[in-house]
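# Examining the three-dimensional arrangement
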Amino acid sequence: MKSLIKRLFDLLISLLLLILLSPVMLVVAALVRVKLGKPVLFSQERPGLHGKLFRLYKFRTMRDAYDDQGKLLPDEQRLTKFGRFLRASSLDELPELVNVLKGEMSLVGPRPLLVAYLERYTPEQARRHEALPGITGWAQVNGRNALTWEDKFRLDVWYVDHQSLWLDIKILFLTLWKAFKREGINAPGSATAPEFMGSDPDTPSA
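Residues numbered from 1 in each chain as written. Predicted model: local features only at pLDDT ≥ 70, side-chain atom pairs only at ≥ 80, totals over all residues. Heavy atoms only, no water.

## Some remarks on helix 5 (residues 149-161)
Here is the rule: Starting at the N terminus, helices and strands are each numbered in turn, a helix being any DSSP run of H or I of at least four residues and a strand any DSSP run of E of at least two. Take the residue count of a helix, subtract one, and multiply by 1.5 Å to get its expected span. When accessible area is computed with a 1.4 Å probe and restricted to protein chains, residues below 20% of their type maximum are described as buried, those above 50% as exposed, and intermediate ones as partly exposed.
Between its first and last C-alpha, helix 5 extends 19 Å over 13 residues, near the 18 Å set by a 1.5 Å rise per residue. Where helix 5 is concerned, the buried positions are W149, K152, F153, L155, D156, V157, Y159 and V160.

Spelled out as structure tokens, the structure:
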């Protein structure tokens, strides 16, 4: 019953948001095309519920820029001022509403991360995939990218164990507040979140 209510809530809110925000999405898409070129959307396979792969869609925030050897430059050199604005305002996440409509994501849940991370999780951390991934989540309203990976995963698993409609509503309101204040957008000393390389097995869990 809980999962049905959550799905109906996701469908209703995501459809309403897509209708209301369609003019904003069109403007953002046009600006991305002008400032960053094609493609307008960034798409990538990510693990979803139980680790099943799906294709995630976001507005592009980085330019294509390569070094003399033809390798992509680091994120901080490719992330433009406009891209930083999209990330700070969370406007780059709006296309994920389509993923929510398709049932691949939820409005609220652990963020869908890279496929490469699947083999790096501890068994406890891997429990974050027991819920649909979300556009926002408990970790995002409790520090976002300013948190360590271990703290993010601990908060993700806490959400998995305490899911409810009221918690989702609370997280959505907190997300709006955090986006307004622009808190926790970047990891300390980094333009984006650093790559998760796995947890130290000797690190005690919280």
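## Topic: the nonpolar core
The following threshold applies: We call a set of buried Ala, Val, Leu, Ile, Met, Phe, Trp, Tyr and Cys residues a nonpolar core when their side-chain atoms join them within 4.5 Å. Here, residues are in contact when the closest pair of their heavy atoms is within 4.5 Å.
One finds V32, L107, W138 and I171 to be the most contacted residues of the largest nonpolar core, which totals 27 residues. Of all the elements in the fold, those that place two or more residues in this core are helix 1 (2-36), strand 2 (53-59), helix 3 (81-89), helix 4 (96-101), strand 3 (106-108), helix 5 and helix 6 (165-181). Filtering out sequence-adjacent residues up to four positions away, W138 remains in contact with L155, W158, Y159, L167, K170 and I171. Judged by nonpolar contacts, the second largest core, of 6 residues, contains L113, Y117, Y121 and F153.

## Details of the environment of E45
The residue E45 is located in strand 1 (residues 41-47) in this model. Counting along the chain gives 69 residues from E45 to L114, while the straight-line C-alpha distance between them is 7.8 Å. Beyond its immediate sequence surroundings of up to four residues, E45 is in contact with L53, F54, R55 and V115.

## Focus: the environment of F85
With respect to the element layout, F85 can be found in helix 3. By relative accessible area, F85 is classed as partly exposed at 38%. When the C-alpha positions of F85 and T61 are compared, they lie 8.8 Å apart, and in sequence the two are 24 residues distant.

## Structural notes on the packing of aromatic side chains
Formally: Two aromatic rings, drawn from Phe, Tyr or Trp (for Trp, its six-membered ring), form a pair once their centres lie within 6.5 Å of each other, and the interplanar angle then sorts them: stacked below 30 degrees, edge-to-face above 60, tilted otherwise. A ring has a charge above it when a Lys NZ or an Arg CZ is no more than 6 Å from the ring centre and no more than 35 degrees off the ring normal.
One pass over the full model with this rule turns up 8 aromatic pairs. Linked through ring pairs, Y117, Y121, W149, F153 and F196 together constitute an aromatic cluster. Across from the ring centre of W149, 4.1 Å away, lies the NZ or CZ of K152, which sits over that ring.

## Details of the pairing of strand 2
Let me state the cut-off plainly: Strands qualify as paired when DSSP identifies two bridges or more between them.
With 7 bridges connecting them, strand 1 and strand 2 associate as antiparallel partners. If you follow S43 over to strand 2, its bridge partner there is Y57. Here strand 1 folds back onto strand 2 in antiparallel fashion, the turn holding 5 residues, of which H50 has a positive phi close to 60°.

## Considering the side chain of D168
Positionally, D168 belongs in helix 6. Look at D168 and you get buried, because its relative accessible area is 2%. Discounting chain neighbours no more than four positions away, the residues touching D168 are K6, V108 and Y159.

## Concerning the side chain of T136
Its place among the elements puts T136 in strand 4 (residues 134-136). Taking the relative accessible area as the measure of exposure, T136 reaches 5% and is therefore buried. Once you skip the residues sitting within four places of it in the chain, T136 turns out to touch L107, V108, G109, V141, I171, L172 and T175.

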